[in-house]
Amino acid sequence: MKRIRAIISGGGTGGHIFPAVAIAGQLMEANPENEILFVGAEGRMEMEKVPAAGYRIVGLPVAGLQRRLTVSNLALPFKVLKSIRMAGKIIDGFRPDIAIGVGGYASAPLLWSACRKGIPTLIQEQNGYAGLTNKILGKKVDRICVAYDGMERFFPAEKIVKTGNPIRKGIVPASAKMKADAIECYALDPERECMFIVGGSLGSGTLNRSVMEWIEAGCPGGDNVEILWQCGKYYKSSVDAFMEDAAAKGLGGNTLRHIRHFDFIKRMDLAYSAADVVISRSGASSVSELAAVHKAVIFVPSPNVAEDHQTHNAMALVKENAAEIVTDAEAPQKLMEKACRLIKDRDRIAELEKNIATFARPEAAKAIVDEIYRLV
């Protein structure tokens, strides 16, 4: 395919950064001579994660509006104006054929400047409820790639293309070999049902508290269940202490010996392969990956996100009988009881697996790159 120069802008969270890196990877697969420059926000995680993925990134001083009155809010207009000027100079220096935004602070000044200069523009919205930056940019850009139906609420219908969200390589439905590798990797008992609990890369206090309260109650319903639990780096020491104390007190009976907790799970492909049931937050990337691996899932949307978009993401599947949901507030009391019932209901698991598979978009990155090439 034609050699092109592309700027990809945005970040702030893994939910923005991972799709951006996936799009870049697909662009390089389309033509290894393509040139890509990332533009992020100074001090945000993209400034570390993007170079680690092998791409060059430039930072802008832009920041987000705080919801309370702070000194940083007073400086925001100056940071935005400076970022717009810098974005214009970056565009003039790099001379891109297209500018791509994935959401997050930095995409606003970069995409706005690209639109003013007549450069083709595309944004990717990962969530079922559009973020503020993308809602503003949607009026100006040429193409909007989305993952959910009904996005005409936020964007001009004629600009929308449903592509899905890009996911990591290797996140596919489990083969017999992957299942066997997972059992070996995590030293699992193949005679037990496996539950995978994941609260995102940083962990989830609510999910951790739900598991710990269940253990304190004696792991009701947990007979013949094995648990893989990503508790998060921030929570690992406190979970370690809790598990040691639980073992000393004899809490959870025999089930406690079949609970394996980790700060971070690197081989997500194997963890998904092992799981009969998954408990997860409902960030856009998590939802897309769970659809891609066809897993029965109980979503616990995080309430600490803009516009409650995790609930919108989860409900898009729940309404189609493709997932179950427990609210964050109810999780400590109800989550593990519900999960233990589900993991023993093979018919319900099969139904959820079949329905969530219809949401899978394994070729999302390629579909987005096809739209990029059409614009160029």
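Residues numbered from 1 in each chain as written. Predicted model: local features only at pLDDT ≥ 70, side-chain atom pairs only at ≥ 80, totals over all residues. Heavy atoms only, no water.

Looking at the chain in UniProt, the text filed under Subcellular location (unreviewed entry) is "Cell membrane". Comment text from UniProt for the chain, heading Catalytic activity (unreviewed entry), reads "di-trans,octa-cis-undecaprenyl diphospho-N-acetyl-alpha-D-muramoyl-L-alanyl-D-glutamyl-meso-2,6-diaminopimeloyl-D-alanyl-D-alanine + UDP-N-acetyl-alpha-D-glucosamine = di-trans,octa-cis-undecaprenyl diphospho-[N-acetyl-alpha-D-glucosaminyl-(1->4)]-N-acetyl-alpha-D-muramoyl-L-alanyl-D-glutamyl-meso-2,6-diaminopimeloyl-D-alanyl-D-alanine + UDP + H(+)". (UniProt positions renumbered as here; feature names shortened; annotations may be inferred.)

Now for the overall build of the chain. Within the chain, the secondary structure is distributed over 14 helices and 13 strands. For 376 residues, the compact-globule estimate of 2.2 N^0.38 gives 21 Å, and the chain sits close to it at 22 Å. Taking all 376 residues of the chain together, the buried fraction comes to 53%. Pairs at least 24 residues apart make up 68% of the contacts formed inside the chain by residues separated by at least 6 positions. When the accessible surface of the chain is summed, it comes to about 16900 Å², and 53% of that surface belongs to carbon and sulfur atoms. Charge centroids of the chain, computed over 48 positive and 43 negative side chains, lie 8 Å from each other. (Helix = DSSP H or I, 4+ residues; strand = E, 2+ residues; numbered from the N terminus. Rg over C-alpha atoms; globule rule 2.2 N^0.38 Å. Buried < 20%, exposed > 50% of the residue type's maximum accessible area, 1.4 Å probe, protein only. Contact = heavy atoms within 4.5 Å. Areas by Shrake-Rupley, 256 points an atom, 1.4 Å probe, with all protein chains shown as cover. Lys, Arg positive; Asp, Glu negative; His and termini not counted. Charge placed at Lys NZ, Arg CZ, Asp CG, Glu CD.)

This part is about the pairing of strand β1 (residues 5-9). Judged by how many residues are buried, β1 sits mostly within the fold: five of five residues are covered. Of the two faces of β1, both are covered, the one formed by Arg5, Ile7 and Ser9 as well as the one formed by Ala6 and Ile8. In this structure, β1 lies alongside strand β2 (residues 35-41), joined through five bridges in parallel fashion. The partner of isoleucine 8 across the bridge, within β2, is phenylalanine 38. What joins β1 to β2 is helix α1 (residues 14-30), and the crossover it makes is right-handed. Strand direction decides the pairing type here: β1 and strand β4 (residues 98-101), joined by four bridges, are parallel. Across the sheet, residue alanine 6 finds its bridge partner in β4, namely isoleucine 98. (Pairing = 2+ DSSP bridges. Right-handed = clockwise from strand over helix to strand, strands pointing away.)

Within the chain, arginine 95 stands out as a residue other than glycine whose phi angle is a positive 55 degrees. Looking at where arginine 95 falls in the secondary structure, it is placed in the loop between α3 (71-94) and β4. On the basis of relative accessible area, arginine 95 is assigned to the exposed category, the value being 57%. Positive phi values are uncommon outside glycine, yet asparagine 224 reaches one of about 65 degrees.

Side chains Arg143 and Cys145 of strand β6 (residues 143-146) all project onto a buried face; the interleaved residues Ile144 and Val146 project onto the opposite face, where all are buried too. One ladder, built from four bridges, connects strand β5 (residues 121-125) with β6; its direction is parallel. Bridging from a neighbouring strand, glutamine 124 pairs with cysteine 145 of β6. Between the parallel pair β5 and β6, the chain is carried across by helix α5 (residues 132-137), and the sense of this crossover is right-handed.

You can see glutamate 324 is positioned in strand β13 (residues 324-325). Taking the relative accessible area as the measure of exposure, glutamate 324 reaches 13% and is therefore buried. Excluding its chain neighbours within four sequence positions, the residues that come into contact with glutamate 324 are Val297, Ile298, Phe299, Val318, Lys338, Leu342, Arg348 and Leu352.

Here we come to the sheet that holds β2. Judged by pairing direction, the sheet is parallel, and its seven strands sit side by side in the order β3-β2-β1-β4-β5-β6-β7 without closing on themselves. The strands lining the two open edges of the sheet, one partner per strand, are β3 (56-60) and β7 (160-162). Strand-to-strand twist in this sheet, taken as the mean axis angle between neighbours without regard to direction, amounts to 25 degrees. Alignment of β6 against β7, held across three bridges, turns out to be parallel. (Axes fitted to C-alpha atoms, helices over the stretch in contact; angles between N-to-C directions.)

Glancing now at the packing of helix α7 (residues 205-216) against helix α12 (residues 331-343). Viewed as axis vectors pointing N to C, α7 and α12 meet at an angle of 70 degrees, and their least axial separation amounts to 8 Å. One way to sum up the angle between α7 and α12 is to call them roughly perpendicular. Contacts from Thr206, Leu207, Arg209, Ser210, Val211, Glu213 and Trp214 in α7 reach Ala331, Pro332, Gln333, Leu335, Met336 and Cys340 in α12. (Parallel < 35°, antiparallel > 145°, perpendicular 65-115°, else oblique.)

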